[in-house]
Amino acid sequence: MVISVFPRARTAAVRTPPSLDRLRLAVAVLFGLDGFVFGSWAARVPDVSVATGAGHTALGVALLCLSLGALVCMQATGVLCRRIGTGRVAALAGVAASGCAVLPGLTTSVAGLCAALLVFGAATGAVNVAANSVGVQVEGRAGRPLLSGLHAAFSAGGLLGALVGGLASAAVGVGLHLALVAVLGLAVMAWAGPVLVGADAAPDATEPLPLVTPADRAARPTAVLVLLGAVAGATAYGEGALSDWGALHLREQLSAAPALAAAGYAGFSSAMAVGRLAGGRLVLAVGERRLLVGGALVAAAGALAAVTTSSLPVALGGFVLVGLGLANVFPLAIARAGALGGPSGVALSTTVGYTGLLGGPPVIGFLAEHAGLPAALGTVALAAVLAAVLVCGIDGESIRRPALPAGWAQPVLFGRRPVAVVLRPMGAAVRPAVTRVRSGAGTYVRDLQLLEV
């Protein structure tokens, strides 16, 4: 069945690329499905922990396997995107993530859970790189900021998955629930998959042309890509921590019922979805740096409120603040990485970024075992502050921002009008723009030739 939906050879049926609106919808569906699968898993983590007899440390080790599977697969996904097409890889990864969703619900031991999460993590890692790569491609075709909105679909999917998972925890076993999630995911990919495959036929679907002269091709903007990944990772740490440990914190520390415990991640995801839907307008209104730094500080305040209170409503409100604050940090960082390096740039920055998302939960588990779960979750605030510091470490006036579409008015906030930056079509002639990365030696990275004021 999979071969018939996603043929290996490029046939005439996929030579005509889908319309921008249709492709954008398919990518949004892929993001939403990824969020739904992950949210469904996150809501059932306490039940899986009970079924396997895993304590905090053992559960942290199992979650580390999920992280390792994803991180190993991410770089390979970037290579596959360049070789066989970003759309085709995205479609296959969506099918794999849907099918593997059932695996954690079938385990009865910690060893089995580790093996299941290793495979599940590899599939979700592939989806993350491929979906972001196609999202950058869609943003480039549209000529305006769209990746935050696409990530909103992920958050909305996570919200729906958490809500359904919370309700299912009181009615059906975790195995049946995740099996139904897998079936639904495969059905969704039966429609979205062919559209994603068709994206490979678009004229701009390949890796961007070199941003530097042939003599300088070896001097890739690795430093900036890693720094962007670190910014994303510091905030993704909070997302991973709340997705896998938030419900357990509310159950253990605040005696919340299963449905209310799941509402913590649901509130976090819904706030993140709202923030991302407004992300494009916010970038144009206040600029990337203010949005990133301000959001990170809001998230830090929310995390501190959630772990220092004995009130369930205050803790839920803290989760909402974390979601609003972190909403646009990851997509903005990955969008710039994709514009600079195509699928390879997305793979590198996403690998670094998802170290926080996937590596955070096992770190939280280790800290929870020795210092308590509230103290462990308090590190989310520290990571958010670190993200704000890293953003301030990128110097330069040229902030990645597309030209305003027809009919859009450039807003003026606090007496300041942001500087518009044109995002050139792929392959267009460019002139150098210097981005400085502050360090002890004052290192300059001069091979970024994408931006033009």
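Caption draft 1: Expanded view of the nonpolar core. One finds Trp41 and Leu196 to be the most contacted residues of the largest nonpolar core, which totals 108 residues. Per-element accounting of this core gives the leading share, 14 residues, to helix H6 (residues 110-142). Every residue in contact with Trp41, bar those within four places of it in the chain, is listed here: Val48, Leu63, Leu66, Pro104, Leu117, Phe120, Leu178 and Asp244. Grouped together as the second largest cluster of nonpolar side chains are 14 residues, Ala285, Leu332, Ala387 and Ala388 included.

Caption draft 2: Highlighting the state of the cysteines. Under the definition given, this model contains zero disulfides. Among the cysteines around Cys65, which has no disulfide bond, Cys114 carries the closest sulfur, lying 3.9 Å off. Residue class for Cys65 comes out buried when judged on its relative accessible area of 17%.

Caption draft 3: Structural detail: the pattern of salt bridges. For the structure on display, the rule yields one salt bridge. Between Arg44 and Asp47 there is a salt bridge; the shortest N-O distance is 2.8 Å. Classification of Arg44 by relative accessible area gives buried; the value is 2%.

Caption draft 4: The arrangement of the environment of Val320 in detail. With respect to the helices and strands, Val320 occurs in helix H13 (residues 312-326). Residue class for Val320 comes out partly exposed when judged on its relative accessible area of 31%. Discounting chain neighbours no more than four positions away, the residues touching Val320 are Gly267 and Ala271.

Cut-offs used in this document
Residues numbered from 1 in each chain as written. Predicted model: local features only at pLDDT ≥ 70, side-chain atom pairs only at ≥ 80, totals over all residues. Heavy atoms only, no water. Core = buried A, V, L, I, M, F, W, Y, C linked by side-chain atoms within 4.5 Å. Buried < 20%, exposed > 50% of the residue type's maximum accessible area, 1.4 Å probe, protein only. Helix = DSSP H or I, 4+ residues; strand = E, 2+ residues; numbered from the N terminus. Contact = heavy atoms within 4.5 Å. Disulfide = S-S within 2.5 Å. Salt bridge = Lys/Arg side-chain N within 4 Å of Asp/Glu carboxyl O.

The analysis is restricted to geometry; functional conclusions fall outside its scope.
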